[in-house]
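# Coordinate inspection notes
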Amino acid sequence: MRHLARRAIALTLPLVLPAALCAVPARAAPPGARDGWRLVAAEPFNRRIDDAEHPWRPDGDGPSSPYNVDMYDNDGAYFDTVGGPAFRTQLARMRTYRKAFTFGEHGWLTAELAARDADGDGRPDAPPALTSRNGVARLDEPAHQAGVVIRSTRDLPAEYRVEMTLRGLDFGGRRDGSWDYPDGRINGYSPKGCKTNFPWASGGDFARPECEWADVRTDSNGFYYMSIMDYRQVAPHNNVFVHGHRKVAMDGYNRYKYAGSGLLYCNPVTKQYEPYSAGTGNGVNAIFMTDDRRYPAMPGTEYLMQSECGYRKGGAIVSTVDLKPELLPDEPYTFAVERRGGAYTMEMSGVFAHAGRATFRYTRSFVQDGEPIWHYNQRPDEYDGRFDADWTWTGPGGTLVDRDTWPAGSAYPDRFMIGDPHMNFYEGTARVDDIRMYVPE
């Protein structure tokens, strides 16, 4: 791991340079240049994008849906098991609508939007939007029962660097030291109506009325700055599904007035863990996923967390650095993930609380100290099946076994994702710019 800060270097030069040197003009690096990498795709959002040009279409889930992935889907057998018959009753109260479209040169990027129709009028309720103006994309999500992400259209190559620039962020977190905003919003959520994780949970009474489910306002808000997923049709789903399909992720998890021991803040200057309340509430969790189950009742994989404070497996979730949203857009942040030399690297650059302007990089091999990065193998010959397992779930709907969660002969593509993929959590707006992909020179 490295902490790279800007340093001043004093140089002593002769007053008159040799004529031979004067005759060779200096060549500036092209925009977006990275040492050791060759830029192969870039989206500066200079062309107009408006998702309103694309229609919403109902998605019935099930095997015929292009968004059908596994038993953790929005209509998956996992929820039939942990929720019993009440789950189907609740799911029938709404319909899901989706839209997707490609953009960028040769369509290398895809926008995926999803929303619910609970009132039965055949249109999404408070739908999200993706637009671009003046070289910046805007992701708007006015209600938490929706999702909007930007993803890679095709599988990422065997080795790559993908990055994006963040120029605006309003997905919760403290503002001016407070979780309750002057405009009435609570951790970035609108104060109107009830807002819960209905109808997807890892247990509990699924027959409860919607407003008696867990309140997301006083739980968490957040945003995915850059995540590598393990399946192709990356799109918004329920939060349980998303937690089982990440390889590595840099995301915000802004817990409302949290004072417990399940979250920690790493102060990158003192290199000491501090209570979550010591941060700004705008932390970045830089997480490598591994094969162990983090939760006994849901398929979330365990967290491997590296920061300036050291290494942790499991336990409290660590905020690696704290953003300062009030500095945006004048002081943007860059988030990048690299896959190279049998390892993944996560990188964050910008002006951070306590640390000032800095770049932080954290690297782990595909398998390091006996801990694998979840579903790292893009090809069957990269993996021998040693971390395969069966996951068993029980509930009012009986017993369900997810067999061969990582078998020999398997392969999992790398697809990157930016935005909010949770259809029952998170609400707000963000501005994204300069998405780029590189391959080794």
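Quick note: structure is the one above.
Heads up: these notes are all about the structure in this document. (Residues numbered from 1 in each chain as written. Predicted model: local features only at pLDDT ≥ 70, side-chain atom pairs only at ≥ 80, totals over all residues. Heavy atoms only, no water.)

A separate point is the overall build of the protein chain. In terms of helices and strands, the protein chain carries 4 helices and 28 strands. In the protein chain, which comprises 441 residues, the share counted as buried stands at 56%. If you take every contact in the protein chain between residues at least 6 apart in sequence, the share linking residues at least 24 apart comes to 70%. On the protein chain, roughly 18700 Å² of surface is accessible, and the fraction owed to carbon and sulfur atoms is 51%. Each charge class in the protein chain can be summarised by its mean position, and for the 51 positive and 59 negative side chains these summaries are 4 Å apart. (Helix = DSSP H or I, 4+ residues; strand = E, 2+ residues; numbered from the N terminus. Buried < 20%, exposed > 50% of the residue type's maximum accessible area, 1.4 Å probe, protein only. Contact = heavy atoms within 4.5 Å. Areas by Shrake-Rupley, 256 points an atom, 1.4 Å probe, with all protein chains shown as cover. Lys, Arg positive; Asp, Glu negative; His and termini not counted. Charge placed at Lys NZ, Arg CZ, Asp CG, Glu CD.)

With that settled, the discussion passes to the pattern of salt bridges. Close approach of charged atoms allows side chains with opposite charge to pair. Here the structure, examined in full by the defined rule, presents 36 salt bridges. Residue Asp433 pairs with Arg167 through a salt bridge whose shortest N-O separation is 2.7 Å. Taken as a pair, Asp433 in strand β28 (residues 428-440) and Arg167 in strand β10 (residues 160-170) lie far apart in primary sequence, 266 residues in all. Residue class for Asp433 comes out buried when judged on its relative accessible area of 6%. (Salt bridge = Lys/Arg side-chain N within 4 Å of Asp/Glu carboxyl O.)

Moving on: the sheet that holds strand β18 (residues 317-319). Pairing is mixed in the open sheet, where 3 strands are placed in the order β14-β13-β18. Two strands close off the open sheet at either side, each with one partner strand: β14 (272-275) and β18. Averaged over all adjacent pairs, the angle separating strand axes in this sheet is 40°, with direction ignored. Examined bridge by bridge, strand β13 (residues 263-267) and β18 share 3 bridges and lie parallel to one another. By the bridge assignment for β18, Leu263 is matched with Ile317. (Pairing = 2+ DSSP bridges. Axes fitted to C-alpha atoms, helices over the stretch in contact; angles between N-to-C directions.)

On the secondary structure map, Asp59 appears in strand β4 (residues 57-59). Along the primary structure Asp59 and Ala114 are separated by 55 residues, whereas in three dimensions their C-alpha atoms are 9.3 Å apart. When near neighbours in sequence (up to four residues on either side) are disregarded, Asp59 contacts Ser65, Tyr67, Thr96, Tyr97 and Arg98. One polar contact links Asp59 to Ser65, side chain to side chain, over a distance of 2.6 Å. (Polar contact = N/O pair within 3.5 Å; in protein donor to acceptor, adjacent residues only side chain to side chain.)

In this section: the packing of aromatic side chains. Evaluation of the coordinates by the stated rule reveals 31 aromatic pairs. Geometrically, the ring pair formed by Tyr72 and Trp393 is edge-to-face, given 6.4 Å between the ring centres and 85° between the ring planes. One end of the pair, Tyr72, is in the loop between β4 and α2 (77-83); the other, Trp393, is in strand β25 (residues 391-395), with 321 residues separating them in the sequence. Above the face of the Trp213 ring, Arg208 is positioned so that its terminal group lies 4.7 Å from the ring centre. The ring centre of Trp37 lies 4.4 Å from the NZ or CZ of Arg340, which sits over that ring. (Phe/Tyr/Trp six-rings, centres within 6.5 Å; stacked < 30°, edge-to-face > 60°. Lys NZ or Arg CZ within 6 Å of the ring centre and 35° of its normal.)

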